[in-house]
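Tertiary structure, described
In case you want the letters, here they are:
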Amino acid sequence: MTLLGRALRGIREHARTHIASTLTVGLALFCLAGAILMLENAGALSARWGAPVRMTVYLADGANAAQVEALRSALADLPEVSETRYVSPSDARAQMFELERDGTLANASVDLFPATLEIRLAPTATNADRLAVLGARVRRLPTVSDVETYRGLSDQMRGVLQTARTLAFIIALIVMLCATAVVGNTVRLSLSSRMREVEVLRMVGATRQYVRAPFLVEGALLGGVGAIFAIVAIAGVFFSVRARFHAPMTAILGMSPAFLSAWIVALFVAGGCALGVTGSAVALRRWLAV
Amino acid sequence: MGRPRIGAAFGRHFRPEGHFDRAAAHKPILVLDGVVKVYRADAPVLRRVDLVIERGEFVFVTGPSGAGKSTLLKLVYRSETVDEGRVLFCGRDIARLTDESIPVLRRNIGVVFQDFRLVPYWSVAHNVAVALEVSGLPSRIIRSRVSMALERVGLAGRGEDLAGTLSGGEQQRVAVARAIVNEPAIVLADEPTGNLDPVLALDVLGLFEEINEAGTTVLFATHDRTLLEASPRRIIVLDDGRAIEARSGLAGLSSQMGRPMAAERLPA
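Source: prediction; values computed, not measured.

1. Section: helix α5 (residues 128–139) of chain A
Residue and element names in this part refer to chain A. The end-to-end C-alpha distance of α5 is 16 Å, a good match for the 16 Å that 12 residues give at a rise of 1.5 Å each. Turning to α5, its buried residues are L131, L134, G135 and V138. Each buried residue of α5 lies within a common arc of 100° when the element is viewed along its axis, so the set occupies one face. Exposed positions of α5 whose direction lies more than 90 degrees from the buried face are D129, V133, A136 and R137. Tucked into the core, α5 has its buried residues touching β1 (54–59) and β4 (144–148).

The following block contains the structure:
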């Protein structure tokens, strides 16, 4: 009988134990898949929000319309810029009137409000350093009095998201260790109910490899099938939540959360198999004096 | 099944280069040379035991509980190792076998235990076939030899039954079938009738005698005096760690000693 045949026979003979074990492993791997999903989307969020998104160019007093338009066009042509908008002093006072309640600043003279060019940046095309260089160059132009890159804010945002990403990674690591322990204990339980089998095999002249190999294959199948269950379950949860809350999530996050890529799913299942084999090997080594 | 080819089977399987050793066929199948086995320092189980078993013999090993019967058998199939001395199986020192060679040794030894040691959720056929599966034989040959072994022990047609559903006597027959299906050089029986009633015990003894008549060496450990008296065979008594031999039953042992054997030294 082939090795796979012997492993499948072992699974059939202890079907209930293996079903319970697979579901247990699947639950542990479900948590791991969730952690990886968080990790992936935290990474995308970090890329989206951690990058600088806007810049304000304060125009010098006396800059005429032609100069302002020339500056606006030049900035609009840059690859880092997705949108430029001229805000006149009266527009700025009107915006302040909308924000303020008591109207103290909004009633002030329009001369107190500077004319600006509001620049919206393409997040994927800009980083903080590049923006700083751009800001410094624009600042030297005669029609510009100052440039605000909001670097501090984007640095803070990036820091928060990086922390979230690190936390997700740590959670994933802890869950992976727990999943390994679960697999190991599950295999040990399976072994303990099959010690007579092992005893007989050794008595009739089976080699260590002959005895161990089916248990390793069973562990791989346990981990692989558990991983598939986990992926299916997490996909069910993810897509149902996304379908229900798609619009508000996109509005808040500025992006639509994505499920794990096919490549990551394949790696996850392979990882589940590897986890199963590892758990089996550890249990065999510790609990089977073969 | 025919007469087992003892020497060829052992030579083919036991020698690492796989060649038949004609010289091995003329050597005693089992030699214990000054064997000492100690579990507790103040009470060695076996004290310098010297023993020679010729091919084709049927030998009883007897003695009170704790005398070392099981230990002696364990030394032969390398479940235990000697502390001093040598155990030569077909001329080869078992104690010097590597871990990789022990499975090869065990494929040439059939073992039957008091508690049968079957896997209850396996079928009868599977319990017997496992002794051949580990050798990697084709399924067709395995099925054929299992069928012949079951027929030989009187369990023809019971292959599909679960081993756990059989009676004690039937389970022991399955264990015997497993022990002989691989045509071993020697069969070791460790109190095989210990869990059986007297009638079944004699029945099982008869089975071992049939196996021996076909040429297989049998080493039968028991403390059942009924069996010792029922079959006039060579008897080895383990007493205080030493082996005392008789070549024709308990009476022979008594005459060899020149006096009736002390009651406390005879098995109950």
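2. As for the interface of chain A and chain B
Opposite the 13 residues of chain A that make contact, chain B presents 12 residues. The element that contributes the greatest number of residues to the side of chain A that touches chain B is helix α7 (residues 195–203) of chain A, accounting for six residues. For the side of chain A that touches chain B, the residue count by class is seven nonpolar, two polar and four charged.

3. Quick look at the domain arrangement of chain A
On domain assignment, one finds that chain A holds domain 1 (3–48 + 156–287) and domain 2 (53–149). Relative to domain 2 of chain A, the C-alpha centre of domain 1 of chain A lies at a distance of 52 Å.

4. Some thoughts on the nonpolar core
Core analysis: the largest hydrophobic core is formed by 85 residues, its most contacted members being V128, A177, L188, L219 and F220 of chain B. If one sorts the elements of this core by residue count, helix α4 (residues 124–133) of chain B sits on top with seven residues. When sequence neighbours within four positions are dropped, the list of residues in contact with A177 of chain B reads V128, A149, L150, R152, V153 and L155 of chain B. One finds L29, I36, A230 and L284 of chain A within the second-largest nonpolar core, a separate group that totals 32 residues.

5. A word on the confidence of the model for chain B
All names here are of chain B. Residues of chain B with pLDDT of at least 70 account for 82%, and the chain-wide mean is 84. This model gives residues 1–19 a pLDDT under 50, and the stretch forms 37 contacts once residues within four places in sequence are excluded. Here residues 256–268 is a poorly scored stretch, pLDDT under 50, and it has 14 contacts once near neighbours within four places are set aside; other chains count. Model confidence for the complex: the whole-complex pTM is 0.71, and ipTM, which rates the interface, is 0.83.

6. Points about the pairing of strand β8 (residues 217–221) of chain B
Residue and element names in this part refer to chain B. Among the five residues of β8, five are classified as buried, and the element is accordingly described as predominantly covered. Here β8 shows a buried face lined by T217, L219 and A221 and a second buried face lined by V218 and F220. As defined by bridge partners, strand β7 (residues 186–190) adjoins β8 across five bridges and the pair is classed as parallel. Residue pairing for β8: D190 is matched across the bridge by A221. A crossover connection joins β7 to the parallel β8 through helix α7 (residues 198–213); in handedness this β-α-β unit is right-handed.

So, how was this worked out
- Residues numbered from 1 in each chain as written.
- Chains lettered and ligands numbered in written order.
- Predicted model: local features only at pLDDT ≥ 70, side-chain atom pairs only at ≥ 80, totals over all residues.
- Helix = DSSP H or I, 4+ residues; strand = E, 2+ residues; numbered from the N terminus.
- Expected span 1.5 Å × (residues − 1).
- Buried ≥ 20, exposed ≤ 12 C-beta atoms within 10 Å, placed from the backbone.
- Arc of directions from axis to C-beta.
- Contact = placed C-beta atoms within 7 Å.
- Nonpolar A, V, L, I, M, F, W, Y, C, P; charged D, E, K, R; others polar.
- Domains from an automatic or database assignment.
- Core = buried A, V, L, I, M, F, W, Y, C linked by C-beta atoms within 7 Å.
- pLDDT = per-residue confidence, 0-100.
- Pairing = 2+ DSSP bridges.
- Right-handed = clockwise from strand over helix to strand, strands pointing away.

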